[in-house]
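# Commentary on secondary and tertiary structure
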Amino acid sequence: MTDIRPDDVAVLSRLMDEHGWTSLRVSIGTTTVVLGDGPAPETAAPPSPARAPSSAVRQDTAGAAQDGAGSDPARPHEASTSTGVTVTAPNLGTFYRAPSPGAASYVELGQRVEAEDEVCLIEVMKLYTPVRAGAAGVVVEVLVEDGALVEYGQPLIVIDPDG
């Protein structure tokens, strides 16, 4: 997402109402939107029940740090980690590992993916954003439980490009 659209503001406003937040500041690209009764502090983030509990699926592997790829603003941000490339949430919403209830997950631990493969979905108010791997490699970690709320930029999946 390169800019915030009017539809995005409506979704953020509904999320504020649903979660009882008093203010919210969202910056994407060069656009910043502040919603609420007063100014949202620069460093403030809405309360997050979204953090994955320690029981989230994890598989530790050794690997060299990789440079994050992807200067394409429409692609999810990828950060370097000691175990590979971390695919992060392109927006806030609900994380889904499968395209529909009962369907097979987009990816499993140990599965090889290509950069353009969908690895999960993020849903906000019935708007679904497919998340792509961004790097070819093997899925070594899934950091979020299916159905968990996630924040913009939150790590979701780790891919070992050497795998």
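Please refer to the structure placed before this passage.
To keep things clear, this report deals only with the structure shown in the data block. (Residues numbered from 1 in each chain as written. Predicted model: local features only at pLDDT ≥ 70, side-chain atom pairs only at ≥ 80, totals over all residues. Heavy atoms only, no water.)

Looking at where Ala115 falls in the secondary structure, it is placed in the loop between β6 (112–113) and β7 (118–124). Residue classification places Ala115 among the partly exposed residues on the basis of a relative accessible area of 26%. As for Ala115 and Gly134, which are separated by 19 residues in sequence, their C-alpha atoms are 4.3 Å apart. (Helix = DSSP H or I, 4+ residues; strand = E, 2+ residues; numbered from the N terminus. Buried < 20%, exposed > 50% of the residue type's maximum accessible area, 1.4 Å probe, protein only.)

Now for the pairing of strand β9 (residues 137–142). The side chains of a regular strand alternate, residue by residue, between the two faces of the sheet. Here β9 lies mainly inside the structure; six of its six residues are buried. Relative to strand β11 (residues 155–160), β9 is paired through four bridges, and the arrangement is antiparallel. Considered in β11, the bridge of Val139 is made with Ile159. (Pairing = 2+ DSSP bridges.)

Here helix α1 (residues 6–19) is 14 residues long and its end C-alpha atoms lie 20 Å apart, about the 20 Å a rise of 1.5 Å per residue gives. For α1, every residue scored as buried is listed here: Asp8, Val11, Leu12, Leu15 and Met16. Within α1, the buried residues cover an arc of 145° as seen down the axis, which keeps them to one side. Projecting away from the buried face of α1 at angles above 90 degrees are the exposed residues Pro6, Asp7, Asp17 and Glu18. Gly20 sits one or two residues past α1 and shows a positive phi near 75°. (Expected span 1.5 Å × (residues − 1). Arc of directions from axis to C-beta.)

These figures come from the coordinates and say nothing about function on their own.
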